[in-house]
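# Inside the fold
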Amino acid sequence: MIDSVLSVRGLTLDYRTPGGTQRAVNDVSLEVRRGEVLGVVGESGSGKSTLAYQMLGYRQPNARLAGGSVMFHGTDIASLDRTGLQELRGNRISFVPQNPTTALNPAMTVGDQIAEVLRKHKRMGSAAIETRFAGLMEQVGLGQIPGVADRYPHRLSGGQQQRIAIAMALACDPELVILDEPTTGLDVTVQQQVIELLKSLRAARGVSMVYVTHDLPLLRQIADRLAVMYRGELVEVGDAEQVFTRPHHAYAKALLAAVPQFQAAPEATTTAAPGAPLLEASDLSIAYGRRRGFLGIGRSEGARVVPGVSLAIGRDETLALIGESGSGKSTIARALCGLVPPAAGKIRYRGEALAGRLEDRAADERREIQYVFQNPDASLNPRMRVAEILARPLDVFFGEKGRAVRPKVEQALADVHLNLAYLDRFPHELSGGERQRVAIARALIAEPSLLLCDEVLSALDVSVQARVLDLLRELRARTGVSMLFISHDLGVVRSLADRVGVLYRGELVEVGPTEQIYTAPQHPYTQRLLAAAIGTHGAPVAPEPEPQAILRREARG
Amino acid sequence: MVAQPLAEKPRRGAGLLAVWRSAPSSFRIGAILLGIHILLAVLGPFIALYPQQQMMAGRPIQGPDLLHWFGTDQLGRDVFSRTLHGGWIVMVLSISGTLLGVAVGSVIGLACGYVRGWVDEVVMRIVEAILSIPFLVLALLAVSMAGPELAGSPVLVVTAVAVIYAPRIARMARAAALDIVTRDYVTVARLRGEPTLSVVRREMLPNAMGVLLVEFAVRAGYAPILIGTLGFLGFGMRPPTPEWGLMISEYRNLLTVQPWAVFGPGLMLSTLVIGLNFFTEGLSRVLGRSPMRGAA
Amino acid sequence: MNTVLSLIVQRVVYSIGTLVLVSMIIFAAVEVLPGDVTARILGRESSLAAREKLRIELGLDRPVVERYVTWAGGALTGDFGMSLTARKPVSEVVFGRLGYTLALAGFAMLLYIPLSIIPALVQAFFPNRLPDRAISTLNILVLSTPEFLLSTLLLFGLAVVFPIFPPLSQVSAATGVLNFLWMITLPAVSLAILLAVAGTRLLRESLIDLMDSDFIRMAELKGMSRTRIVMRHALPNAMIPWLNATAINFAFMIGGVVVVERVFVFPGFGSLLVDALQLRDVPLIEASVLVAAFIFIAVNLIADVLAILLNPRLRT
């Protein structure tokens, strides 16, 4: 009755790291049924990618199979030799990568890259390949692009590249497709298109899919069954709806709870306190990357990223800017703090004009506006201890240094709920979430009135995100700091912001109180953005991490 | 919310022995070879059986025997003793030349990388132009332009090495600076309004040290070859200095009758360079593996 | 296509700028910086009258800028003045010797290509296994051997102990083609070996880096064979850095020949340069160094243009 395509039996896998052996997958057993989409979720390091790659018989050089099997039509993939695997891969079991931009060979046309699969597995001749290619392009929605076969990957957009990768995976009519975070690097709207494509392909072909992601809401749209991985163990597997609504395992419950739901902020604050705003930008126009060139060579006019934006942030207010990558969100924040002087327009702070160039601002003006960056790995100097990192602003802004600053530094660390022992550590000795806490502490120790938060959660794991978000709420309540919160994560924004501005190609298409934007969006782009994020089940799309090979991170341990 | 539990803190200074054990084998071979060479360079002049200039220490042009490991030359000088005496000369010249080149080059490069603008433009064009003169030609040009009074002086040899290395280091240090400048932590320091000097000293230099160190080691590994080549061509140290390249040049015409006079110094030169190269390769691997990778 | 063209024009203009700058540097280094050039040429003991005569002969009595313009203008038409020692036009002396050296370098280049690619491919097929380690170790050993020692050892082994090749390469205009090739085999081999080792190391690094990239893993997960992965997916992507390194290596030969020509007593450009420097033949020095820099810049320009043309990202 249960028609299974592939079954994993007691699979156990170790990584050898400099620190010793580490169990990546521990005694996992599960079935992939015919025609189903099995979602595999978990945070990075949970072993979900490692598990998925075992279904292709692929192991990192430092991985060792400690036991178990992966049975596919009577063959154990886990112990298959190289020739056997080559026969299988791309033919009966195929793969869709996380990041098509790096997964397609830059020096080979996409036509050649698909053709080599057909030539190898189906022994097709040129004419047959051409017909097949045209059919595949039709199926993945690239049929209208002329001469697509002769294009190099860089001449296709990210979404188109992913369609090529999907076409490649389907080329030989496989029984099973393994998808490794296939929409992670894509914009929200493109993400939705790829999901729709996958759904339609499944309906048309009845192919089984294993869909690996950390993005629960997304899985809810497509998965029939769900497997939850935690620290190398399969903690829960079952019908998707059941896992979503009635999870059994404590971790699955926690994981689901960590996803910011589509709900209003706990205590809905009134919008923009009356009176003058804290910061006001009018007709801000920002261009990037202007170059002078040498003897007229290499001169280029900067692309105008933001053609003219006006916005205001009130005292005690959190204004969120949402939009897809490249919409100019970060650019605006960088202009406000003086990093990118605006080409035109005015910034007023507490009613006074604020210079565009950082160098022209007074020390107090620099102190009042603090910036927290997306990635704490990059924003903390790797060669400074936490204590020194936190002491720098005190030295620069208040002229306090030496032993006297110790109590302040300790207080700042305690404020972000970090142990005092961390003061003597280097950033690399902290976890990602802890590092972001240090970065937040460094910004707040300057006693700012305005905090610019630039995608501060997106480099963190889901459960860590929830805790850092809580911290931001708490600090905001305590210090009354205003925030410009930049994010593409609509769920997080709804739970934090008082007002929301929607950016589209550098223009602010809509601004308003959070609930109004979410419940009654006026602009068509806002409507589309929300529709893409909400999907079919009314859940928001969770944040995307930096595109990086999750598998490699797992392998490093 | 409760304080985060403490993550396990890696042990610091777990002992040199542990570092040694975990180091790649190439690093260990290099370190051993280098150690022997340093020992020989320091003790060489004392353990050599003959003063390096003593003629008729044995019969002229005599093959290796118990007293004369590398045989003797036309003047009956003991080649092994001369080679031992030459060790510290080769090392001191190599290290000083490299140090000078790295110091000058990295100051120019880091400054250009941070300041940018027309200063950077002009300086780097000149650096590129100098780099388009093949380096050996540049060294020979530098030496012969210094004039006959300085010929054969160690200062000239050190300068020649530095002249070759400085522009190369400058280009490399500038690239490193350009990379570091884009890091968010430098941006944070700029946002605070830290003065230029403070940014270079606190944020950039510590993060460039790893690259500069490896670069220094790589260059130091080639310096003995460079100095030897200058000596061999007659543009470096002058006889009777027992510099190894010069010795090989002097004894080349003995190749058919007493090849050990060439092999000996050649063996010493090669093993020194092999030691330095292995050491460097291991060093860069150790540095690359460390968490300070942010610097690279 | 427009970007490709403008990139190439940009490279050409840049190279010309570098050449002009380097000519200024050479001129300054030879004629301006060292103080009294005539005293340097004739020696400290020379009479003032003799110095004055030479000063006029060299045109040193004229202002620096004027002298540079005259010299650079002459250089443009291939006129570098008269050699002080050979009493012949400098261009005649330089270009005669340059022919020999370019033949030697070209021969070495032919040996270099297979010598650098094949070992790297072997290493890429067996990364971190015995063949890879053996070749890497051998590479370090060769790289640690100075060129003058390596060529001396080759000469000792293949011309003295086993007298297969002639120990000296004293070619002349009268030497026949086959005999010429025979005589330059040893110098060419010793030039090629050192450069090939550098090329192998670089190619191996890029190949091994590439073998760790996403698109190689993708090819593996498509069921492609190991051979196809290395030859069709990794190698083409590694060729551009290899090409650049090859250009630098070729340019390096222009310096490296100095040593090799000296060991094998080969009457090429390198030995001419050494002679000119030792005899303080100012016009000859200026011309030789400028020619060396010109070759370096030209070869790098060619490599850059090739890299632009080969770059798939710039292809339509």
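No experiment lies behind these values; they were computed from the predicted model shown. (Residues numbered from 1 in each chain as written. Chains lettered and ligands numbered in written order. Predicted model: local features only at pLDDT ≥ 70, side-chain atom pairs only at ≥ 80, totals over all residues. Heavy atoms only, no water.)

## Points about the packing of aromatic side chains
Any two aromatic rings considered together are summarised by their centre-to-centre distance and by the angle between their planes. Counted under the stated rule, the structure contains 19 aromatic pairs over all chains. Ring geometry for Phe 232 of chain B against Phe 148 of chain C: centres 4.8 Å apart, planes inclined by 20 degrees, an arrangement best described as stacked. Here Phe 148 of chain C lies in helix H7 (residues 147–161) and Phe 232 of chain B lies in helix H8 (residues 196–233), a pairing that spans two chains. The pair formed by Phe 232 of chain B and Phe 148 of chain C is uniform in burial state, with each residue classed as buried. (Phe/Tyr/Trp six-rings, centres within 6.5 Å; stacked < 30°, edge-to-face > 60°. Helix = DSSP H or I, 4+ residues; strand = E, 2+ residues; numbered from the N terminus. Buried < 20%, exposed > 50% of the residue type's maximum accessible area, 1.4 Å probe, protein only.)

## So, the sheet that holds strand S4 (residues 63–72) of chain A
All names here are of chain A. Taken in spatial order, the four strands make up an open sheet running S2-S1-S4-S5, and their pairing is antiparallel. The sheet terminates laterally at strand S2 (20–33) and strand S5 (75–76), the two strands that pair on one side only. Both S4 and S5 contribute to a ladder of two bridges, which runs antiparallel. Along S5, the bridge assignment pairs Phe 72 with Thr 75. (Pairing = 2+ DSSP bridges.)

## Quick notes on the nonpolar core
Ranked by size, the top nonpolar core spans 243 residues in total, and within it Leu 6, Leu 51, Ile 114 and Ile 164 of chain A carry the most contacts. Ranked by residue count, the leading element in this core is helix H10 (residues 226–264) of chain C, at 16 residues. Residues in contact with Leu 6 of chain A, not counting those within four places in the same chain, are Leu 30, Glu 31, Val 32, Met 55, Val 70, Met 71, Phe 72, Ile 77, Ile 93 and Leu 176 of chain A. Counting residues in hydrophobic clusters, the runner-up holds 53 residues, among them Val 386, Ala 441, Cys 453 and Tyr 525 of chain A. (Core = buried A, V, L, I, M, F, W, Y, C linked by side-chain atoms within 4.5 Å. Contact = heavy atoms within 4.5 Å.)

## Remarks on the pattern of salt bridges
Applying the stated criterion to the full structure yields 47 salt bridges over all chains. Among the ionic pairs, Arg 92 of chain A bridges to Glu 175 of chain A, the shortest N-O distance being 3.4 Å. In this pair, Arg 92 of chain A sits in the loop between helix H2 (82–88) and strand S6 (93–96) while Glu 175 of chain A sits in the loop between helix H6 (158–170) and strand S7 (176–180), placing the two residues 83 residues apart along the sequence. Among the salt bridges present, the one from Asp 377 of chain A reaches Arg 435 of chain A, with a minimum N-O distance of 2.8 Å. Of the two residues, Asp 377 of chain A sits in helix H13 (residues 376–379) while Arg 435 of chain A sits in helix H16 (residues 432–444), which places them 58 residues apart along the sequence. Residue classification places Asp 377 of chain A among the partly exposed positions, given a relative accessible area of 46%. Salt bridges sharing partners connect three or more residues here, namely Arg 392, Asp 395 and Lys 401 of chain A together with Arg 192, Glu 194 and Glu 203 of chain B. (Salt bridge = Lys/Arg side-chain N within 4 Å of Asp/Glu carboxyl O.)

## Section: the interface of chain B and chain C
Counting residues at the interface gives 42 residues for chain B, matched by 45 residues for chain C. Summed over both sides, the interface between chain B and chain C buries roughly 3,700 Å², with carbon and sulfur atoms accounting for 77% of that surface. On the surface where chain B and chain C come into contact, there are one salt bridge. Notably, a salt bridge pairs Arg 201 of chain C with Glu 281 of chain B, separated by 3.9 Å at the nearest N-O pair. Viewed at the interface, chain C and chain B are joined by three residue pairs in polar contact (both at pLDDT 80 or more). Secondary-structure elements contributing two or more residues to the side of chain B that touches chain C are helix H4 (117–131), helix H5 (135–145), H8, helix H9 (244–251) and helix H10 (260–289) of chain B. (Buried area = accessible area lost by both parts, 1.4 Å probe. Polar contact = N/O pair within 3.5 Å; in protein donor to acceptor, adjacent residues only side chain to side chain.)

## Comments concerning H5 of chain B
The element H5 of chain B is extensively covered by neighbouring structure, given that 10 of its 11 residues are classed as buried. Where H5 of chain B ends, the next residue or the one after it, Gly 147 of chain B, has phi of about 90 degrees, a positive value.

## Regarding the side chain of Asp 180 of chain A
Mapped onto the elements of the fold, Asp 180 of chain A is located in strand S7. Despite its burial, Asp 180 of chain A remains without a salt bridge, the nearest opposite charge being carried by Arg 217 of chain C at 5.2 Å. Residue contacts for Asp 180 of chain A: discarding those within four places in its chain leaves Ser 49, Tyr 53, Phe 95, Val 96, Pro 97, Gln 98 and Val 212 of chain A. (Lys, Arg positive; Asp, Glu negative; His and termini not counted.)

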